[in-house]
Amino acid sequence: LPRIPSFLAQVPRRLPSFRRGGVVVLLSLVVACSTVQTTKPGLIGVDRKQRMSSLVSATELEQGAATAYAQVIATANKEGALNRDKRQLAMLRGIAQRIIPEVAAFRPDAVGWDWKVNLIQSDQLNAWAMPGGKIAFYSGIIDGLSLTENEVAAIMGHEIAHALREHSRERA
């Protein structure tokens, strides 16, 4: 835990200990957060500031995401569920190749992320992108909803936006 600032010593001692602890935790979290802007403002009319914890850096989150992504991919590979449909995989990677250069309009640093795109054979209706550009689609969302390439691109763009805006770090 971070060192408790001296002003927190002023929390009244007559409060029950659990309330004093709650006040200390709440104030520590407020002190440990800062307002940031993860993407350029105004490109699409959105100028949203975010509260980010200074306890977790973007680099730490990206490293953790890379490790978690590698584990998900290794498990899918071990189970024979990784990238089985070469046509769908080519479509996903082709869409990503067209979208990724465009992220510079929002975050120039994101173009240099170590982007990965994989397809996992599963009935799940899901897709996601982790910090640092790690993307996974489940075949169930493509097949189960009979998605067109444009619809897949819309979903991928949505998931990429989560990574660009650092929503995982914001939640942390």
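See the structure shown above.
All residue numbers here refer to positions counted from 1 along the written sequence of the relevant chain. Under the rules for a predicted model, residues below a pLDDT of 70 receive no local features and side-chain atom pairs below 80 are neither given nor counted, while totals for whole chains, interfaces and linings still include all residues. Think of the side-chain values as coming from all heavy atoms in the structure, minus any hydrogens and water.

Novice: Just to check I follow, could you spell out the nonpolar core for this structure?
Specialist: Inside soluble globular proteins, nonpolar side chains tend to come together where they are buried. Put simply, buried Ala, Val, Leu, Ile, Met, Phe, Trp, Tyr and Cys residues joined by side-chain atoms within 4.5 Å make one nonpolar core. Only protein chains enter the area calculation, which uses a 1.4 Å probe; residues under 20% of their type maximum are buried, those over 50% are exposed, and those in between are partly exposed. Of all hydrophobic cores here, the largest spans 25 residues; its most connected members are Phe 137 and Met 156. Under the scheme used here, helices are H or I runs from DSSP no shorter than 4 residues and strands are E runs no shorter than 2 residues, and both carry numbers assigned from the N terminus. When contributions to this core are tallied by element, the ones reaching two or more residues are α3 (86–99), β3 (116–120), β4 (127–130), β5 (134–138), α4 (139–144) and α5 (149–164). Top contributing element to this core by residue count: α3, with 6 residues. Apart from residues no more than four positions distant in its own chain, Met 156 is found in contact with Leu 92, Ile 95, Ala 96, Ile 99, Val 117, Ile 135 and Phe 137. Grouped together as the second largest cluster of nonpolar side chains are 11 residues, Ala 65, Ile 73, Trp 128 and Ala 136 included. Note on definitions: a residue-residue contact is assigned when non-hydrogen atoms from the two residues lie within 4.5 Å.

Novice: Just to check I follow, could you spell out the sheet that holds β4 for this structure?
Specialist: Pairing within the open sheet is mixed, and its 3 strands lie in the order β3-β5-β4. Only two strands of the sheet have a single neighbouring strand rather than two, namely β3 and β4. Taking the axes of each pair of neighbouring strands and ignoring which way they run, one obtains an average angle of 15° across the sheet. Here the rule is simple: two strands pair whenever DSSP picks up at least two bridges between them. Summarising the sheet, β3 and β5 pair through 5 bridges and their orientation is parallel. Residue pairing for β5: Ile 120 is matched across the bridge by Tyr 138. The sheet strands contacting α3 are β3 and β5, and the helix crosses β3 at an angle near 150°. Axis lines are fitted through C-alpha atoms, for helices just across the contact stretch, and the angle between N-to-C directions can take any value from 0 to 180 degrees. In the packing of α5 onto the sheet, contacts are made with β3, β4 and β5, and the angle to β4 comes to roughly 30°.

Novice: What should I look at first to understand the pattern of salt bridges in this one?
Specialist: Any two side chains of opposite charge can pair, on the condition that their charged atoms come close. The rule for a salt bridge is simple: a side-chain nitrogen of Lys or Arg has to be within 4 Å of a carboxyl oxygen of Asp or Glu. All told, the structure shown has 3 salt bridges when counted by the stated rule. Of the charged contacts, one joins Glu 149 and Arg 98 as a salt bridge, the two residues approaching to 2.8 Å between their closest N and O atoms. Pair noted here: Glu 149 is in helix α5 and Arg 98 is in helix α3, with a separation of 51 residues, a long-range link. Among the residues examined, Glu 149 registers a relative accessible area of 37% and is labelled partly exposed. A salt bridge links Asp 114 to Lys 116; the nearest nitrogen and oxygen atoms lie 3.3 Å apart. On the basis of relative accessible area, Asp 114 is assigned to the partly exposed category, the value being 46%.

Novice: Any chance you could explain the environment of Ala 127 here in plain terms?
Specialist: Summarising the element assignment, Ala 127 is placed in strand β4. Taking the relative accessible area as the measure of exposure, Ala 127 reaches 4% and is therefore buried. Residues Ala 127 and Glu 159 lie 32 residues apart in sequence; the distance between their C-alpha atoms is 7.3 Å. Setting aside residues up to four positions removed in sequence, Ala 127 forms contacts with Ala 136, Phe 137, Tyr 138, Ile 141, Ile 155 and Glu 159.

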